[in-house]
2 protein chains.
Amino acid sequence: MGRWEPDAQGRLLRAALELFSEHGYDATTTAQIAERAGLTKTTLFRLFPDKREIVFQGQGRLVALVTAGVEEAPVDASAEELVRAGLCSLSAAHTPDLRETGRTLDPILASSEELRERAVFKRSALTSALEQALMRRLGDARQAGVLADLGIRAYYAGYEIWVAVEDQRSFTDYVLDELAALQDAARQLHTAGSRGA
Amino acid sequence: MGRWEPDAQGRLLRAALELFSEHGYDATTTAQIAERAGLTKTTLFRLFPDKREIVFQGQGRLVALVTAGVEEAPVDASAEELVRAGLCSLSAAHTPDLRETGRTLDPILASSEELRERAVFKRSALTSALEQALMRRLGDARQAGVLADLGIRAYYAGYEIWVAVEDQRSFTDYVLDELAALQDAARQLHTAGSRGA
């Protein structure tokens, strides 16, 4: 193991985003990222298995947060309260610097199918984590699945707005507003005899 | 372009599944797959951009089928009828030989994170296609999103049972049963004041 490098992960993220923005994702090598970050390639590969994971660092923490949020909700929480608890816990990770990262990252993601594929995989891992946590509390696999889809849809829709706009509302506000709107939409759909269009 | 090879895609699929089952996904090369199929590597790469796509061939057709199903539904179809129409159209692709392919493929998928990641990406593409088709019919993005999640969840859950069991029920039956069960679960969840557990 190499010597300890202060904030190596953050330095690699900033270096990677700079280089991807300048030269594109495909044209940037891990050697260039390490060099820009003032680190060795060995240190990079000690921290990340591949170039893509530099960008998605912190996703493991998101899985842990959403799970903990559901697990720590009051024993008498309703199904919807459990989802809200998971999403509120998740939101805690969304600091202002992550908002800036999101703004830089969005056009890079749009430019690379390889990155989008990994992003979709991460979304799927987050959905599964929420689904499993809900399943343990609710004991109903279908309810857990439906609620996890709804919650993660709210999370991503809220994230998209949070990154796009510039105001003082918190990340949590956007996600919970979106959750409520999706729940309304679902309620309308699942009322017997509802008609589309 | 090479000369025409009868059922080259099917031959490559069968060769790939045989080799993945025998030696594992990672240890199998595209050269070995082409050789086993009695084709050249050039023909393989003319048909598929990479090793993974051999396994997921036909996914583009699924996207087209689910979209067409929604588009061709009666003008007065309810939101739930639109989803059913999409899923019924999708089911038409699920012939008995696909059931066999699924049985061979499942343990291979379980063994490779690279393949699972691509499978998740394909599920996401199918969800987006259904979501967009529903959006064009319903004019409500949130309803379209919620319904697409529900429909694709039903499709994958139905597929899982269809591959696992051995009986005479059709693929469509499994998917529509699962859709109805998920809709019940959603109805219970979205009834005001519902309590979990």
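In this text, all values refer to a predicted model and were calculated from it rather than measured experimentally. (Residues numbered from 1 in each chain as written. Chains lettered and ligands numbered in written order. Predicted model: local features only at pLDDT ≥ 70, side-chain atom pairs only at ≥ 80, totals over all residues.)

Moving on, we get to the domain arrangement of chain A. Residues and elements named next belong to chain A. By domain assignment, chain A separates into domain 1 (8–53) and domain 2 (58–188). The straight-line distance from the C-alpha centre of domain 1 to that of domain 2 is 27 Å. On the domain 2 side, the residues contacting the 7 residues of domain 1 number 9 residues. Take the side of domain 1 that touches domain 2: its biggest share by element is 3 residues, from helix α1 (residues 8–23). Looking at the side of domain 1 that touches domain 2, its residues break down into 3 nonpolar, 2 polar and 2 charged. (Domains from an automatic or database assignment. Contact = placed C-beta atoms within 7 Å. Helix = DSSP H or I, 4+ residues; strand = E, 2+ residues; numbered from the N terminus. Nonpolar A, V, L, I, M, F, W, Y, C, P; charged D, E, K, R; others polar.)

Let's shift gears to the relation of the copies chain A and chain B. With an axial shift of 0.0 Å and an RMSD of 0.0 Å, the rotation relating chain A to chain B amounts to 180°. Here the copies are linked by what is in effect a two-fold axis. When you check the interface residues of chain A against chain B, 100% turn up at the interface there too, and the contact is symmetric in its surfaces. (Least-squares fit on C-alpha atoms with pLDDT ≥ 70 in both.)

So, on to the interface of chain A and chain B. Of the residues lining the interface, 33 residues belong to chain A; the matching set on chain B comes to 33 residues. When the residues that make up the side of chain A that touches chain B are grouped by side-chain class, the tally is 15 nonpolar, 10 polar and 8 charged.

A few words now on the confidence of the model for chain A. Residues and elements named next belong to chain A. Considering every residue of chain A, the mean pLDDT works out to 91; 95% of them sit at 70 or more. Segment residues 193–197 is flagged for pLDDT under 50; beyond a separation of four residues in sequence, or across chains, it makes 14 contacts in the model. Quick note on the complex model: pTM equals 0.90, ipTM equals 0.88. (pLDDT = per-residue confidence, 0-100.)

To continue, consider the nonpolar core. Counting residues in each nonpolar core, the largest one holds 70 residues, and the members touching the most others are A:Leu130, A:Leu134, A:Leu147, B:Leu130, B:Leu134 and B:Leu147. In this structure A:Leu134 touches A:Val70, A:Leu82, A:Ala144, A:Leu147 and A:Ala148, once residues within four positions along its chain are discounted. Counting residues in each nonpolar core, the second largest holds 35 residues, with A:Leu12, A:Leu105, A:Leu115 and B:Ala15 among its members. (Core = buried A, V, L, I, M, F, W, Y, C linked by C-beta atoms within 7 Å. Buried ≥ 20, exposed ≤ 12 C-beta atoms within 10 Å, placed from the backbone.)

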